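Residue-level structure breakdown
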Amino acid sequence: MKILIVGAGGREHALAWKIATSPLCRRLYVAPGNGGTAEWNIPVAANDIAGLTEFARREKVDLTVVGPEEPLTLGLADALRAENLTVFGPGREAARLEGSKAFAKEVMAKAGAPTAASRVFTEQAAACAYIEKTGTPVVVKADGLAAGKGVIVTRTAAEAKQAVHDVMGGAFGRAGERIVVEERLTGPEVSLLCFCDGETARPMTAVQDHKRIFDGDAGPNTGGMGVCAPPSFWTPALEAEAMERVVTPTLREMRRRGAPFTGVLFVGLMLTDAGLRVLEYNVRFGDPETQALMMLLQSDLVPLLLACARGGGLETARVEWRPEAAVCVVMAAPGYPGPYAKDIPLALPQATPEYAAIFHAGTALRDGAYLSAGGRVLGVTARGADLTAARARAYALTEKIGFPGARFRRDIAGVERSGSGDEKNTGR
Ligand code: AMP
Ligand code: GLY
């Protein structure tokens, strides 16, 4: 089969790494890819819907796997399906689960999924009046896609009103014309990603993201500084509850709306004192969740992607996970998530042990040398018998990487690390 992966991040490198091992994959392309996927890259941008469709048609691509949310919300899957091409990822209508937070809340309500109380506003004054009235801490969310930055968690009414002013005042462009004001919840978070063929959902190993830039969850939010899988607090009972109360009813509701969900449904959950709550839906693989998941997935990924893309057959497909744990430590450019340096030369080991991989995100391969080309640069990933072993292996591998000024957390998978190479990190 010819397989095309759309995207340029660490997630796409991890997918390519896994798919390349499948006996079903004869030819692989990544559009546009990064330094780590250079051998498969084609120069078509991830949101160039016409260019990607034309490429898939011309090359007779058998399966297109869409990484990021933007092309999905722009209708890439619909455009490919209109050409009778097979694509992993939801169409534009089902992608609204991520593309519009107001739509997501509406589906959660219809599905009866436990979630935070919320209201949707299109006027600042009405939103501010509601904030005054509720009196409890709230989260202000831009309705549309805002590159993962459209959620503002506030402590006081004054902060919340400022957030309303910023979001609706244009900080996120049109994405903030409509907002969701939501009750603020507390508790550990978990990402539960599920393969979905429209009817059946098969959960992946649960993953815990570490979104803040600094150790101890301090500093601003980022695209994700590392993950561990499965998190120590996760249990089979919680997985069963999430499937029964959130994922299955969401799929049912999407079918009822005539927009069956196929691809990865990624539910962001919070384990509050009152029980599981769904915070958000994403309609794609997570980044860097996927880096850890691909290390743990034992089965061939391609038949699973095909079952989802074809809209059936997932119920009987083999989905086997290694009974191990995985950790991914993201190494970011100095300055990230603020303005950061680029073109930093990277010295990478020639080979990695069988239990580890260095996934590229913002990198480029120029004249045979790897350079940094983005904020999140590498995802150093390892598996082991448990989280402690996986963590030790991942951090040991970071020591073998030459990346001047790299910023990375020392506490992925829970334990604060100190010691060697501390100047590499800015700390708190
Ligand atoms: P995003 O992935 O950009 O939608 O951001 C979602 C993040 O915002 C979550 O991972 C939480 O950390 C935070 N968040 C979203 N909703 C709530 C909520 N109701 N209460 C507390 N934190 C929230
Ligand atoms: N790591 C969070 C996300 O992919 O949205």
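Here goes a summary of the coordinates provided. None of these values were measured; they are calculated from a predicted model.

What counts, and where the lines are drawn
Residues numbered from 1 in each chain as written. Chains lettered and ligands numbered in written order. Predicted model: local features only at pLDDT ≥ 70, side-chain atom pairs only at ≥ 80, totals over all residues. Heavy atoms only, no water. 1 Å grid on protein atoms, 1.4 Å probe; cavity = no way out; pocket = protein on both sides within 12 Å on 5 of 7 lines; lining within 4 Å. Points joined across faces, edges and corners; volume = space filled by probe spheres on them. Helix = DSSP H or I, 4+ residues; strand = E, 2+ residues; numbered from the N terminus. Nonpolar A, V, L, I, M, F, W, Y, C, P; charged D, E, K, R; others polar. Near = heavy atom within 4 Å. Polar contact = N/O pair within 3.5 Å; in protein donor to acceptor, adjacent residues only side chain to side chain. Areas by Shrake-Rupley, 256 points an atom, 1.4 Å probe, with all protein chains shown as cover. Buried < 20%, exposed > 50% of the residue type's maximum accessible area, 1.4 Å probe, protein only. Phe/Tyr/Trp six-rings, centres within 6.5 Å; stacked < 30°, edge-to-face > 60°. Lys NZ or Arg CZ within 6 Å of the ring centre and 35° of its normal. Contact = heavy atoms within 4.5 Å.

Quick look at the layout of surface pockets
The calculated volume of the second largest pocket comes to roughly 470 Å³. Residue lining of the second largest pocket: 20 residues in total, with His13, Gly36, Ile358, His360 and Tyr370 positioned closest to the centre. For the lining of the second largest pocket, the element with the most residues is strand S18 (residues 356-360), which contributes 4 residues. Here the residues of the lining of the second largest pocket are counted per class, giving 12 nonpolar, 7 polar and 1 charged.

Focus: the site of ligand 1
Residues in close proximity to ligand 1 total 13 residues, the closest being Glu182, Glu183, Leu185, Glu189 and Glu280. Glu183 is positioned with one of its backbone polar atoms (N or O) 3.0 Å from a nitrogen atom of ligand 1. One nitrogen or oxygen atom from the side chain of Glu280 is found 2.5 Å from an oxygen atom belonging to ligand 1. If ligand 1 stood free it would expose 490 Å²; the protein chains cover 88% of that surface. When contributions to the shell around ligand 1 are tallied by element, the ones reaching two or more residues are strand S6 (138-142), strand S8 (179-183) and strand S16 (275-282). In the shell around ligand 1, the residues fall into 4 nonpolar, 1 polar and 8 charged.

Focus: the pairing of S18
The element S18 is extensively covered by neighbouring structure, given that 5 of its 5 residues are classed as buried. Of the two faces of S18, the one holding Ala356, Ile358 and His360 and the one holding Ala357 and Phe359 are both buried throughout.

What about empty space enclosed by the protein?
Applying the stated criterion across every chain yields a total of 1 cavity of 30 Å³ or more. Approximately 80 Å³ is the volume found for the largest cavity. What lines the largest cavity is a set of 13 residues, and nearest its centre among them are Lys101, Ala104, Leu279, Glu280 and Tyr281. Secondary structure elements with two or more residues in the lining of the largest cavity: helix H5 (92-99), helix H6 (101-111), S8 and S16. Counting residues per element, the lining of the largest cavity draws most heavily on H6, which supplies 4 residues. Residues belonging to the lining of the largest cavity are distributed by class as follows: 6 nonpolar, 1 polar and 6 charged.

Quick word on the packing of aromatic side chains
Scanning the entire structure with this criterion turns up 7 aromatic pairs. Ring centres of Phe195 and Phe285 lie 6.3 Å apart, and the angle between their planes is 80°; this geometry places the pair in the edge-to-face category. Taken together, the residues Phe195 in strand S9 (residues 189-197) and Phe285 in the loop between S16 and helix H10 (289-296) connect sequence positions 90 residues apart. No difference in accessibility class separates Phe195 from Phe285, as the two residues are buried. Measuring from centroid to centroid gives 6.5 Å for Tyr395 and Phe408, while their planes differ by 35°, and the two rings are tilted. Here Tyr395, found in helix H12 (residues 387-398), pairs with Phe408, found in the segment after H12; they are 13 residues apart in sequence, far enough to count as distant. Across the pair, exposure class does not vary: Tyr395 and Phe408 are buried alike. One Lys or Arg, Arg96, reaches over the ring of Phe103 and ends 4.2 Å from the middle of that ring. Positioned over the ring face of Tyr355 is Arg393, at 3.7 Å from the centre of the ring.

Things to note about the side chain of Lys141
By the secondary structure assignment, Lys141 is in strand S6. Reaching out from Lys141, the side chain makes a polar contact with the side chain of Glu182 at a distance of 3.1 Å. Residues within four places of Lys141 in sequence aside, it is in contact with Lys101, Gly150, Val151, Arg178, Ile179, Val180, Glu182 and Leu279.

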